[in-house]
Amino acid sequence: MSLSGGIGEERFFSLRVVSAVQDTDLSVILELAPQSSDAWAFRRRPGQHLTVRRLVDGREFRRSYAIFNPPTERMLALCVKATPGGAVSPWLAGLRVGDMVEASAPYGNFTVVPDATRRRHYIAFAGGVGVAPILSIAAHLLDAEPESRVTLVYDADDGGGIMLLEAVKALKDRRLERFALHIPAIGGDGGADGGVDGGGEGEEHRIRRLSRLHDFLSGGDELYLVCGPGPVVAGIRSALLDLGVSSDAVMSEFFSAPAPAAAKEKRRSPRSRRSSGNIVYVGQERRWTCAYDPARGSILNNLLSAGAPVSFSCKTAVCGACRARVTAGEVDMRRSYALHPADVASGYVLLCQSFPVTDELVVEAGE
Ligand code: FES
C-alpha cells in the first residue's frame, strides 16, 4: 500500500519484517518484504539505499540504510547498527518477524550498471557499515559480469564486531576465483597487512595510507568504489588521486560528513543569495510554488513548509534523498557530498544544502 506521493516525491510504503537475525553484538540483519502490489517501487540498482521513517509522539525521525543484497532478490536486506540513544536504529534493531516498517522506495547513485561483455577489475574500499552497498554491488557484478573480478578491502574497525562478516564470507565462498577479500582485522587472502586507513591524522598517516593503497593499484582499467564514514572516504579518495588514479575511476559514497572538508567549504564565500522570490517544485503529478523565506533556511525547508512532498532524510548533504535538478534559475549549494561532479555539472543539486540566487527558480524532482 502506498502511503503517499508519486515518483521522485515523498512516498512511504509498509514493509513486513520477514527475518531478524543478530549480526554482531550491536547490529542486526533485517529482511523486509514489500507488499506484492508495491513490488514495482522496489525495483532497484545495486548499492542503493532507502529511508526508514518512524513517528514518536507525533515527531518524525528519518534514517537512511543501504540495501546489502543484490537487486535480483525480492526481499530487501538491511544491516542496522543500534546507536545507543538513537531515535530509529535501536527500535529497528529490536523489531521481530511480522512487525511493519515504513520505508521509501530505493534511491541513490552509488551504483554500477553491469555489462555482461565487460572485463574489469573493481577495487572496493569499505569502512564499517559502508560495506553494505559495496556488498550489493560486488554480488551483482560477479553474477552479471562473468569476466570481471572484485577486490574488497574492508576496514572493519567497528568496536562491536565485524558487520556483515558472514555475508561477505559467503560471497567469497561462492566466487572464490574472482573475489579477493582483505579484512585487516582478521587477515586477508591476498597478503594485505593493516588497514588502508589505519587511524590517526597528519602527514605520517597520509603517507601510511598512500603506501597501503599502493598495494592494490595495478594501473589497468580499474574502477574504485569507496564507501564509509566521511573522513575515511575523503582520505582514501584523495590518496587514490594522489597516486595518479583518474577522478572518473573513483566512485565514492559518504555515510557521514567529512568534517575537515566541510569546515573548509564553510569558509568559502557563498554566492549572493536572494532574500525573496519564488520557488517552483515540479513533481511527477503536479507543481508546487512557494515564496522563498530566508528565515526558513534551505530550499528544502521552504518547500516542506509549503507542503510540497519532497523526499529527504539526513539534511546534511550525505544521503542524496533530496536530489533535484535546477531547470530554471540558479542556486548556491553549500555542500554536495552525495553528488558526483558530473551530476553537479548537469544541474543536479541537494535541496537541503541549496539557497536561491535568482528571483525565479524551478527545480524538478530528481532521479
Ligand atoms: S536530505 Fe540527505 S542529502 Fe539532502
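Everything numeric in this text was worked out from a predicted model, so none of it was measured.

Novice: For this particular structure, what's the right way to read helix α2 (residues 131-144)?
Specialist: Because each turn of an α-helix spans 3.6 residues, side chains separated by three or four positions in sequence point in the same direction. With 14 residues, α2 ought to run about 20 Å at 1.5 Å a step, and its terminal C-alpha atoms sit 20 Å apart, in line with that. Buried residues dominate α2, accounting for 12 of its 14 residues. Val-131, Ala-132, Pro-133, Ile-134, Leu-135, Ser-136, Ile-137, Ala-138, Ala-139, His-140, Leu-141 and Leu-142 are the residues of α2 that are buried.

Novice: What is the right way to read the nonpolar core from this model?
Specialist: One broad trend across soluble globular proteins is that nonpolar side chains are buried collectively. By size, the foremost hydrophobic cluster in this structure holds 104 residues, and its most contacted members are Ala-124, Val-131, Ile-134, Leu-135, Ala-138 and Leu-351. For this core, the element with the most residues is α2, which contributes nine residues. Ignoring anything within four residues of it in the chain, the contact list for Leu-135 reads Phe-68, Leu-164, Ala-167, Val-168 and Leu-171.

Novice: I would appreciate a short explanation of helix α5 (residues 230-242) in the present structure.
Specialist: Given a rise of 1.5 Å per residue, 13 residues ought to cover 18 Å, and the 18 Å separating the end C-alpha atoms of α5 matches this to within 8%. For α5, the complete set of buried residues consists of Gly-230, Val-232, Val-233, Ala-234, Gly-235, Ile-236, Arg-237, Ala-239 and Leu-240. The positive-phi residue at the C-terminal boundary of α5 is Gly-244, with phi of around 95°.

Novice: Where do I start with the sheet that holds strand β19 (residues 360-365) in this structure?
Specialist: By definition, the strands of a sheet pair up through backbone hydrogen bonds, in either a parallel or an antiparallel sense. Across the sheet, which stays open at both edges, the five strands sit in the order β14-β13-β19-β15-β17 with mixed pairing between neighbours. Two strands lie at the open edges of the sheet, namely β14 (287-291) and β17 (348-350), each paired on one side alone. Strand-to-strand, the axes of this sheet are offset by a mean angle of 35°, without reference to chain direction. Relative to β19, strand β15 (residues 323-328) is paired through four bridges, and the arrangement is antiparallel. Residue pairing for β19: Arg-325 is matched across the bridge by Glu-364.

Novice: How should I be thinking about the sheet that holds strand β4 (residues 59-66) in this particular structure?
Specialist: Within the open sheet, the six strands sit side by side as β4-β3-β6-β1-β2-β5. Their pairing is antiparallel. Strands at the two margins of the open sheet, each flanked by one partner only, are β4 and β5 (76-81). Put simply, the sheet's adjacent strands are angled 40° from each other on average, direction ignored. Bridge analysis of strand β2 (residues 27-34) against β5 gives six bridges, and the strand direction is antiparallel. Residue Val-28 lies in a different strand from β5, and its bridge partner there is Val-80.

Rules of the game
Residues numbered from 1 in each chain as written. Predicted model: local features only at pLDDT ≥ 70, side-chain atom pairs only at ≥ 80, totals over all residues. Helix = DSSP H or I, 4+ residues; strand = E, 2+ residues; numbered from the N terminus. Expected span 1.5 Å × (residues − 1). Buried ≥ 20, exposed ≤ 12 C-beta atoms within 10 Å, placed from the backbone. Core = buried A, V, L, I, M, F, W, Y, C linked by C-beta atoms within 7 Å. Contact = placed C-beta atoms within 7 Å. Pairing = 2+ DSSP bridges. Axes fitted to C-alpha atoms, helices over the stretch in contact; angles between N-to-C directions.

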